Amino acid sequence: MKLPLAAIAASLVCLIVAPAFAQTTPAPTATVPVPATKRVTCLGATQNLKGQDKRDQMQLCMAQARLDCLKQAIDQKLVGEARKSAIKTCVGTDGPEQE
């Protein structure tokens, strides 16, 4: 049940973000784009919700994001401080849980 919800949320974010990228023109100075963090994706997926529904969906989305980032760190065989840092970077948090 959680996986389809995450897939739907990711699809919605892509539908929202894709037209914006299609309409932009490259800047005269070449800059390297920063990949969106999973937190930004979760925020986008919950932007149309309100109240407890928004909090609940944000919490579920962030838990799934942390799990995905942990799996990625395990696949990369990261341990200790490197794993912790990689997960924080991947999820998009700088410290304790942000809401």
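This report concerns the structure included in the present document. As the structure is a prediction and not an experimental result, all values here were calculated from the model.

1. Looking at the overall build of the chain
Helices and strands together make up the secondary structure of the chain, namely four helices and zero strands. Ordering the α and β elements of the chain from the N terminus gives α-α-α-α. Here the chain holds 99 residues, and the buried ones make up 16% of them. A separation of at least 24 residues holds for 56% of the contacts in the chain among residues at least 6 apart in sequence.

2. Concerning the environment of Leu-43
The topology assignment puts Leu-43 in helix 2 (residues 38-45). Accessibility expressed as a relative area gives 41% for Leu-43, which makes it partly exposed. In sequence terms Leu-43 and Gln-57 are 14 residues apart; their C-alpha atoms lie 9.6 Å from each other.

3. Observations regarding the state of the cysteines
All chains considered together, the criterion is met by two disulfides. Residue pairing for Cys-42: its cysteine sulfur links by disulfide to Cys-61, the two sulfurs lying 2.0 Å apart. On the sign convention where negative is left-handed, the bridge of Cys-42 and Cys-61, at about -85 degrees about the S-S bond, is left-handed. Taken together, the residues span a long stretch of sequence, with Cys-42 in helix 2 and Cys-61 in helix 3 (residues 51-75) at a distance of 19 residues. Residue Cys-42 shares its accessibility class with Cys-61, and that shared class is buried. Between the sulfur of Cys-69 and that of Cys-90 lies a disulfide, 2.1 Å long from S to S. Taking the sign of the S-S torsion, about -75 degrees here, the bridge from Cys-69 to Cys-90 comes out left-handed. With Cys-69 in helix 3 and Cys-90 in helix 4 (residues 80-91), this residue pair connects regions lying 21 residues apart in the sequence. Like Cys-69, the residue Cys-90 is buried in the burial classification. When the bonded cysteines of the chain are counted from the start of the sequence, the pairing works out to 1-2, 3-4.

Thresholds applied
Residues numbered from 1 in each chain as written. Predicted model: local features only at pLDDT ≥ 70, side-chain atom pairs only at ≥ 80, totals over all residues. Heavy atoms only, no water. Helix = DSSP H or I, 4+ residues; strand = E, 2+ residues; numbered from the N terminus. Buried < 20%, exposed > 50% of the residue type's maximum accessible area, 1.4 Å probe, protein only. Contact = heavy atoms within 4.5 Å. Disulfide = S-S within 2.5 Å.

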